[in-house]
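Commentary on secondary and tertiary structure
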Amino acid sequence: MSEPQPTDEAAAAHAVRTHCAIDYPNGSRCLNCHARYPCDIRLAAVEILVAAAWQDEAIMALDARTGPWF
Ligand SMILES: [Zn+2]
């Protein structure tokens, strides 16, 4: 009963993709929820991906913005 949960993994990947840093004069903030980066949602999502054996490079590659507001 400890099979990986693809839905959770996909949701976590989506959360990491959307909760990424943007530069503010007083430090990085989350693009999505504007909390100080990394926000709680991103931290929780990264934890899920790490638990699912994602490598750091794969997690970083989720931030595939082509511009600041992607
Ligand atoms: Zn966020």
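Below is a summary of the structure that appears in this document.

1. A look at the overall build of the protein chain
Along its length, the protein chain carries three helices and two strands. Ordered by position from the N terminus, the helices and strands of the protein chain form the series α-β-β-α-α. Looking at the protein chain as a whole, 16% of its 70 residues qualify as buried. Here the analysis covers contacts within the protein chain between residues at least 6 apart in sequence; of these, 48% occur between residues at least 24 apart.

2. Quick look at the nonpolar core
One broad rule of soluble globular proteins: the nonpolar side chains tend to lie buried together. Listed in full, the seven residues of the largest apolar core are Ala12, Ala15, Val16, Ala45, Val46, Leu49 and Leu62. Secondary-structure elements contributing two or more residues to this core are α1 (6-18) and α2 (40-51). Ignoring anything within four residues of it in the chain, the contact list for alanine 45 reads Ala12, Ala15, Val16 and His19.

3. Quick word on unusual backbone geometry
Backbone torsion omega between tyrosine 37 and proline 38 reads -5°, so that peptide bond is classified as cis. Among the structural elements, proline 38 can be located in the loop between β2 (27-30) and α2. Phi is positive for histidine 34, close to 65°, though the residue is something other than glycine. Using a count of 11 C-beta atoms within 10 Å as the deciding quantity, one classes histidine 34 as exposed. Unusually for a residue other than glycine, alanine 53 sits at a positive phi of about 70°.

Cut-offs and rules
Residues numbered from 1 in each chain as written. Predicted model: local features only at pLDDT ≥ 70, side-chain atom pairs only at ≥ 80, totals over all residues. Helix = DSSP H or I, 4+ residues; strand = E, 2+ residues; numbered from the N terminus. Buried ≥ 20, exposed ≤ 12 C-beta atoms within 10 Å, placed from the backbone. Contact = placed C-beta atoms within 7 Å. Core = buried A, V, L, I, M, F, W, Y, C linked by C-beta atoms within 7 Å.

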